[in-house]
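For reference, the chains in residue letters:
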Amino acid sequence: MEFAGEVRPRIESRLGFRVAGKIVRRNVDLGQTVRVGQLLAELDAQDLRLAADAARAQVAAAQTNRDLALADQKRYKELRSQNFISGAELERRESAYQAAQAQLDQAKAQLSAQGNQTGYARLVADVAGVVTGIEAEPGQVVAAGTPVVRVAQSGVRDVVFSVPEDRVAAMAVGSPVEVRLWNSDDTLSGKVREVAASADVATRTFQVKV
């Protein structure tokens with residue numbers, strides 16, 4: 001049996017931003033090789049930076065409230081030791097301090113999360129590979145998760161072809177396959193890695209990966 005197929009990367013990722021925004025810059029082109037950590041595209045991060053500034057201001061305010069509550073707690077402890085106030089009054093001050101500390105912790109967590117959001121305005125390659133598709137351009141407003149760049153990972157490749165229903169039974173996983181490239185007389189040895197569980201709706205053929 002002989003079939004025509006095509007060479008594909010085993011893993012091809014559609015990369016997108018984790019936050020919504022307007023694309024202001026795309027730093028790669030179709031067919032370009034990229035390395036891990038390379039900047040692919042950027043969003044307008046002005047709103048995200050303003051939100052981070054607001055979160056920092058909330059942390060500063062919560063810090064001040066916590067410090068005041070701590071000072072009150074210490075002062076009322078001294079008054080309680082001299083029997084100038086009741087135990088219930090001291091407990092209220094301690095509760096106020098604990099609440100202020102909790103608000104400070106919450107503000108710090110929000111600042112950390114907002115800092116992550118600001119970083120998400122930069123789309124970087126998490127794997128080395130080749131850009132095989134550009135799906136968004138500068139000036140376009142994209143939602144979180146919208147594919148922007150498609151990257152084929154470097155490494156192992158598959159040969160993919162379709163087999164009719166009456167031949168698919170012979171394509172067991174692990175079966176040896178010889179691959180001949182059109183631009184070369186060399187023959188490569190491979191083996192069946194995956195056989196589609198169901199037939200294509202239109203062609204009624206099964207996809208096989210070697």
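Predicted model, so just to flag it, every value in this text is computed and none were measured.

(A) Unusual backbone geometry, seen in detail. Even without glycine at this site, Arg204 takes up a positive phi of about 60 degrees. Take Arg204: it is sitting in the loop between strand S13 (194-195) and strand S14 (205-209).

(B) Representation of the nonpolar core. In terms of nonpolar packing, the biggest core is built from 20 residues, with Phe17, Ile23, Val34, Leu40, Leu43, Leu123 and Val148 touching the most fellow members. When residues of this core are traced back to their parent elements, those giving at least two are strand S5 (39-43) and strand S9 (147-153). In contact with Ile23, not counting residues within four places along its chain, are Phe17, Glu42, Leu43, Ala136, Glu137, Pro138, Gly139, Gln140, Val142 and Val148. Core analysis: the next-biggest nonpolar cluster, separate from the first, contains 12 residues, Val163, Val177, Val192 and Ala199 among them.

(C) The environment of Thr146, seen in detail. With respect to the helices and strands, Thr146 occurs in the loop between strand S8 (141-142) and S9. For the pair Thr146 and Gln103, spaced 43 residues apart in sequence, the C-alpha to C-alpha distance is 35 Å. Here Ala143 takes part through its backbone oxygen, which lies 3.0 Å from a polar atom of the side chain of Thr146.

(D) Layout of the packing of aromatic side chains. For the coordinates displayed, the defined rule picks out 1 aromatic pair. On the numbers, 5.6 Å between centres and 10 degrees between planes, the contact of Phe3 with Phe161 is stacked. Here Phe3, found in the segment before strand S1 (5-9), pairs with Phe161, found in strand S10 (residues 157-164); they are 158 residues apart in sequence, far enough to count as distant. What makes Phe3 partly exposed here is its relative accessible area of 28%.

(E) Structural detail: the pattern of salt bridges. Per the stated rule, a full pass over the model turns up 19 salt bridges. A salt bridge links Glu42 to Arg122; the nearest nitrogen and oxygen atoms lie 3.8 Å apart. Of the two residues, Glu42 sits in strand S5 while Arg122 sits in strand S6 (residues 122-124), which places them 80 residues apart along the sequence. Looking at Glu42, the relative accessible area reads 17%, which means it is buried.

(F) Inspection of the pairing of S5 at higher detail. Judged by how many residues are buried, S5 sits mostly within the fold: 5 of 5 residues are covered. Strand direction decides the pairing type here: strand S3 (residues 21-26) and S5, joined by 3 bridges, are antiparallel. Bridge pairing in S5 links Ile23 to Leu43. Bridging between S5 and S6 involves 3 bridges; their strand directions are antiparallel. Of the residues in S6, the one forming a bridge with Leu39 is Val124.

(G) Summary view of the sheet that holds S9. Taken in spatial order, the 4 strands of this open sheet run S2-S9-S7-S4, and their pairing is antiparallel. The sheet is open, and its two edges are formed by strand S2 (12-16) and strand S4 (33-34), each paired on a single side. Relative to S9, S2 runs antiparallel, the two sharing 5 bridges. The partner of Glu12 across the bridge, within S9, is Ala152.

(H) Region of interest: the sheet that holds S6. Taken together, the 4 strands give an open sheet; going across it, the order is S6-S5-S3-S8, and neighbouring strands pair in antiparallel fashion. Strand pairing shows two members of the sheet lacking a second neighbour, S6 and S8, which therefore form its edges.

(I) Structural view of the packing of helix H1 (residues 46-81) against helix H2 (residues 87-119). Where H1 contacts H2, the axes come no closer than 8 Å and their chain directions differ by 160 degrees. By the angle between their axes, H1 is roughly antiparallel relative to H2. Between H1 and H2 the crossing geometry is left-handed. The residue inventory of the contact of H1 with H2, partitioned by class, reads 16 nonpolar, 11 polar and 10 charged.

So, how was this worked out
Residues numbered from 1 in each chain as written. Predicted model: local features only at pLDDT ≥ 70, side-chain atom pairs only at ≥ 80, totals over all residues. Heavy atoms only, no water. Helix = DSSP H or I, 4+ residues; strand = E, 2+ residues; numbered from the N terminus. Core = buried A, V, L, I, M, F, W, Y, C linked by side-chain atoms within 4.5 Å. Buried < 20%, exposed > 50% of the residue type's maximum accessible area, 1.4 Å probe, protein only. Contact = heavy atoms within 4.5 Å. Polar contact = N/O pair within 3.5 Å; in protein donor to acceptor, adjacent residues only side chain to side chain. Phe/Tyr/Trp six-rings, centres within 6.5 Å; stacked < 30°, edge-to-face > 60°. Salt bridge = Lys/Arg side-chain N within 4 Å of Asp/Glu carboxyl O. Pairing = 2+ DSSP bridges. Axes fitted to C-alpha atoms, helices over the stretch in contact; angles between N-to-C directions. Parallel < 35°, antiparallel > 145°, perpendicular 65-115°, else oblique. Left-handed = near helix turned anticlockwise from the far one by under 90°. Nonpolar A, V, L, I, M, F, W, Y, C, P; charged D, E, K, R; others polar.

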